[in-house]
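# Report on the structure
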Amino acid sequence: MILLAEDKNTHLEHLEDDIINNGYEGGQNAIAFLESLNEMLAGHSKSKVNVTTKWDGAPAIVCGPSPENGKFFVGTKSVFNKTPKVNYSIADIRKNHTGDLQNILRECLTYLSGLGMKEILQGDLMFTSSGKKKTTYKDPSGKQEAMISFQPNTIVYMVPENTPFGKKIDTSKLGIVFHTTYKGKSFDKLNAKFGANVSKLRRTPKVWFDDASYKDVSGNALMTIGESQQLQKTINMANGSLGKAKEMLNKMSTQTNTLSVGVQLKTYLNSFIRAATDLPSTKETANKFREYYQERTQKEIDAVKTDKAKNKYKTIQDDGLKFIDNHSESVYFAVATYKTLQTAKGIIISKLNKAKSIGTFKREGNGLKATNPEGYVAVDKKGKAVKLVDRLEFSVQNFTAAKNWEG
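Residues numbered from 1 in each chain as written. Predicted model: local features only at pLDDT ≥ 70, side-chain atom pairs only at ≥ 80, totals over all residues. Heavy atoms only, no water.

### Structural notes on the packing of aromatic side chains
Note the following rule: For this analysis, a ring pair means two rings from Phe, Tyr or Trp (six-membered ring only for Trp) whose centres lie within 6.5 Å, classed as stacked if their planes differ by under 30 degrees, edge-to-face if by over 60, and tilted for the remaining angles. Only DSSP runs of H or I reaching four residues or more are called helices, and only runs of E reaching two or more are called strands; each is numbered from the N terminus.
Taken as a whole, this structure holds 15 aromatic pairs when the rule is applied. For the ring pair W55 and Y157, a centre distance of 5.4 Å and an interplane angle of 25° mean the geometry is stacked. Of this pair, W55 sits in the loop between β2 (49-54) and β3 (60-65) while Y157 sits in strand β8 (residues 156-160), placing them 102 residues apart in sequence. A ring pair is formed by Y268 and Y292, whose centres lie 5.0 Å apart and whose planes are at 50°; its orientation type is tilted. A residue pair is termed long-range when its members are at least 10 positions apart, and Y268 in helix α7 (residues 261-274) and Y292 in helix α8 (residues 282-303) qualify at 24 residues.

### Things to note about the pairing of strand β14 (residues 375-380)
Note the cut-off: Buried, partly exposed and exposed residues are distinguished by accessible area as a fraction of the type maximum, computed with a 1.4 Å probe on protein chains only: under 20%, between the cut-offs, and over 50%, respectively. Pairing between strands requires that DSSP locate at least two bridges from one strand to the other.
Burial within β14 is extensive, with five of its six residues counted as buried. Summarising the sheet, β2 and β14 pair through six bridges and their orientation is antiparallel. Within β14, the position partnered with V51 by the bridge is A378. Bridge analysis of β14 against strand β15 (residues 385-388) gives four bridges, and the strand direction is antiparallel. Its bridge partner being in β15, V377 is matched across the sheet by K387.

### Comments concerning the nonpolar core
So the rule is basically this: By convention a nonpolar core is built from buried Ala, Val, Leu, Ile, Met, Phe, Trp, Tyr and Cys residues, the set being connected through side-chain atoms within 4.5 Å. Any pair of residues with heavy atoms lying within 4.5 Å of one another is described as a contacting pair.
Membership of the largest hydrophobic core comes to 50 residues, with the highest contact counts inside it found for L15, L37, L249, F289, L341 and L352. With residues up to four places along the chain from it excluded, the contact list for L341 reads L15, E16, I19, A30, I31, L34 and A238. Listed in part, the 24 residues of the second largest apolar core include F72, L109, Y111 and L174.

### Topic: the state of the cysteines
Cut-off, in case you're wondering: Cysteine sulfur atoms that pair up within 2.5 Å are treated as a disulfide.
Evaluated as defined, the whole model comprises zero disulfides. As a non-bridged cysteine, C63 has C108 as the owner of its nearest cysteine sulfur, 7.3 Å distant. Owing to a relative accessible area of 0%, C108 belongs among the buried residues under this scheme.

### Thoughts on the sheet that holds β15
The strand order across the open sheet formed by four strands is β1-β15-β14-β2, and the pairing between neighbours is mixed. The open sheet is flanked by β1 (13-14) and β2, the only strands paired with a single partner.

### Considerations on the confidence of the model for the chain
To keep it simple, the criterion reads: You can read pLDDT as the predictor saying how much it trusts each residue, on a scale of 0 to 100.
Overall, the prediction assigns the chain a mean pLDDT of 88, with 91% of residues at 70 or greater. Long-range and interchain partners of residues 1-10, a stretch whose pLDDT sits below 50, account for 65 contacts in this model, where long-range means more than four residues apart. Long-range and interchain partners of residues 399-405, a stretch whose pLDDT sits below 50, account for 10 contacts in this model, where long-range means more than four residues apart.

### Here we look at the side chain of E16
What counts is decided by this rule: Two N or O atoms form a polar contact when they lie within 3.5 Å of each other; inside protein one atom must be a possible hydrogen donor and the other a possible acceptor, and for residues adjacent in sequence the pair counts only when both atoms belong to side chains.
Mapped onto the fold, E16 is located in the loop between β1 and α1 (18-42). At 3.0 Å, the side chain of E16 forms a polar contact with the side chain of R391. The contacts of E16, once residues within four sequence positions are left out, are Y338, L341, Q342, K345 and R391.

### Quick look at the environment of S149
Looking at the element boundaries, S149 is found in strand β7 (residues 144-150). A relative accessible area of 5% places S149 in the buried class. Sequence separation between S149 and D170 is 21 residues, and the spatial gap between their C-alpha atoms is 9.6 Å. Residues within four places of S149 in sequence aside, it is in contact with G131, K132, K133, T135, V156, Y157 and M158.

See the structure below:
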């Protein structure tokens, strides 16, 4: 499976956020992605878009032949620091890193150096020799099965022990899913490309590796004609409301100030994700945005003491509220587009989730509950990528999850 991650050059955005980030053109991009995905799931894809599975691994590992001296190295995303932390030896790891990360990178250096890598790849680490355990899983029907499990981050992965896949995981010392390829003549000039060709890597019993390309292993992810037509109707609705919000979206996409209407609309919509609640009706969501914006800017006014500073933020507030009032209908259609894109995305995710090559679970109390993969990434032929994630299920966790792998 090929994984696409947020690397040093590319920050992946959620599909529906493209209308706020890039205006009308962003909305057209989102719709083009959805239409291509619909074609793929209907069984007549023209290869306009590729889909990769988001694995919930950690930390991100960057490795391969150094662009500067050809020697094999390993590292985290800190290889892209202004002063890169590049590890060619155990001594380098001791110098550059601390704690558990030292042990992790020591194993990566030992085992990944045997893959015969010709390119620099980035992947998500799934397990090391100490990160797996054998367990017994009882499904809701009461059936028990011997499993090998590992939990690199939030999701618990389980593989039946007595299968070829399970035996491979059992004998491996390290597991990683590669998703990004880098090319360049020095670390500060590396360019990222989504996707990783792992077909030429040397297979070794000590390492389980894969790419993150979506694989329909069950054969039931394809849509029926009726399902495809219903999805297309949803996409058409999004396209219709997008046209009515075009002028306002284009204006908002040029606003970068933290208190601008565009930035605050995105923050406002994300606030529902943080609260783990669905957006209310389009009308209610749109109407409450004005109240949200007024309260948010009022906090800035109240936080400063001088009249000059208060007047500065009062002007921002007045201009923002005037913009919202003058474009109230466009705000409504922008929210309608956003919500409809979410609906279409949800239909696609539910279909993609039907095909899984590995069990995914999350911890609940003292037990485990079956869950879906973290999500997917769609990449078009020009290399543009967007996230397809059930935001209520996973994004709220990502907002609050501690990231301990940057050192």
